[in-house]
Each structure stands twice: as structure tokens, then as C-alpha cells.
Amino acid sequence: MTDRAMQEPTLLLLTALADVPRHGYAIAREVESISGGRVKLRTGTLYGALERLLQQGLIEVHKEEIVDSRLRRTYTLTAPGRAALAVEAERIAATAREATRRLGITGKAATA
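Numbering of residues begins from 1 in every chain and follows the order in which that chain's sequence is written. pLDDT decides what is reported in this predicted model: residues at 70 or higher carry local features, side-chain atom pairs at 80 or more are listed and counted, and totals for whole chains, interfaces and linings draw on all residues regardless. As a rule here, side-chain values cover all heavy atoms of the structure and leave hydrogens and water aside.

Focus on the side chain of Thr78
Secondary-structure assignment places Thr78 in the loop between β3 (70–77) and α4 (79–103). Working definition: with a 1.4 Å probe on protein chains only, accessible area under 20% of the residue-type maximum means buried, over 50% means exposed, and in between means partly exposed. For Thr78, a relative accessible area of 12% gives the class buried. Polar contacts involving the side chain of Thr78 include one to the main-chain carbonyl oxygen of Gly57, which spans 2.5 Å. Under the DSSP-based scheme used, a helix requires at least four consecutive residues in state H or I and a strand at least two consecutive residues in state E, with every element numbered from the N terminus. Whenever a nitrogen or oxygen atom comes within 3.5 Å of another N or O atom, the pair is scored as a polar contact, on the condition that within protein one atom can donate a hydrogen and the other can accept it, and that pairs from neighbouring residues in sequence are kept only if both atoms are in side chains.

So, the pattern of salt bridges
Pairs can form between side chains of opposite charge once their charged atoms are near each other. Salt bridge, as used here: a side-chain nitrogen of Lys or Arg that lies within 4 Å of a carboxyl oxygen of Asp or Glu. Applying the stated criterion across every chain yields a total of nine salt bridges. One salt bridge connects Glu30 with Arg22, and the closest N-O pair in it is separated by 3.6 Å. Residue classification places Glu30 among the partly exposed positions, given a relative accessible area of 24%. Ionic pairing is found between Glu98 and Arg101, a salt bridge with its closest N-O pair at 2.6 Å.

Observations concerning the packing of helix α1 (residues 8–16) against helix α3 (residues 43–55)
Each axis is a line fitted through C-alpha atoms, taken for helices only over the stretch in contact, and angles between the N-to-C directions span 0 to 180 degrees. Put simply, α1 and α3 touch, their axes get as near as 11 Å, and they point 75 degrees apart. Relative to α3, the element α1 is oriented roughly perpendicular. In this structure, α1 contributes Thr10, Leu13 and Leu14 to the contact, and α3 contributes Leu46, Ala49, Leu50, Arg52 and Leu53. Classification used: nonpolar for Ala, Val, Leu, Ile, Met, Phe, Trp, Tyr, Cys and Pro, charged for Asp, Glu, Lys and Arg, polar for all others including Gly. Along the lines of polarity and charge, the residues of the contact of α1 with α3 split into six nonpolar, one polar and one charged. Each angle is binned into one of four classes, with values under 35 degrees roughly parallel, values over 145 roughly antiparallel, values of 65 to 115 roughly perpendicular, and all other values oblique. Contacts are residue-level and defined by heavy atoms, with any inter-residue pair within 4.5 Å sufficient.

Some points on the pairing of β3
With two bridges joining them, strand β1 (residues 22–23) and β3 adopt antiparallel strand pairing. Following the sheet pairing, Arg22 is matched in β3 by Tyr75. Two strands are said to pair when DSSP picks up at least two bridges between them. Note: strand β2 (residues 59–67) against β3, eight bridges, orientation antiparallel. Within β3, the residue paired with Val67 across the bridge is Arg70. Here β2 hands over to β3 after two residues, with Asp68 in that stretch at a positive phi of 50 degrees.

Let's talk about the layout of surface pockets
Considered as a void within the structure, the largest pocket measures approximately 280 Å³ in volume. Here a cavity denotes a set of grid points, spaced 1 Å apart and computed over the protein atoms alone, in which a 1.4 Å probe fits but from which it cannot get out, and a pocket denotes an open set meeting protein on both sides within 12 Å along at least five of seven lines; residues with an atom within 4 Å of a point are reported as lining. Forming the walls of the largest pocket are His23, Gly24, Tyr25, Tyr47, Val67, Asp68, Arg70, Leu71, Arg72, Arg73 and Tyr75. Breaking the lining of the largest pocket down by element, the ones donating at least two residues are α2 (24–34) and β3. The residue makeup of the lining of the largest pocket, split by class, is five nonpolar, two polar and four charged. Grid points are joined across faces, edges and corners, and a volume is the space filled by probe spheres set on the points.

Next up, the structure:
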């Protein structure tokens, strides 16, 4: 990865795979859940992103099986994928800490 911030779909996909391996449909549902319903990945977008992440070595195929006469791939994070996600999570956390500090928020929700 580069020093650039991850795009949100990449961040969400890697986050969806951080705890357990998942197949495509389960990844899409997890991304929707993580994003609070804001991000709904279409099939073409999802599988295009998964292919890109495979090529980048951030994820790998954990298992392949035939379900209802169709191939189902389960994906998992690789060590470099886990490291990239950890770096991005820390970057986001540091930015949030600084925003909180500048807003003067001390453990309470900001009020308008």
C-alpha cells in the first residue's frame, strides 16, 4: 500500500474480513452493517474490488466449495492486509483524536 489514505470501500472490505473469513455475499452484508447501511456494494463492484485486493496481496482465497452447483470462495486477510488495515485504523484514530481535542470534547457528545 502507499502512504495515501485507503478509499472507504477498501477499508470496509478489509474490516469485514478482519475477524473471520467470509464469502462474497457475507462480505457485502458485513460492509453494509459496518457502514450503518450507508455503503451497499453491488455485485460487480464487490467482486472487482476483491480481485484487486487479491492481486495486491491484501486478501487471499481461504476456501473454495461448491454450493447449489456454484463455486463459493471464502476470503481472508493476509498478513500484509492485516498490517495495512492496522496502519489505516491508527491513521483514522489519530485524526479522530486530534479532531476531538480541537473541538474540546472530553468524553461527551458535542452539542450544537
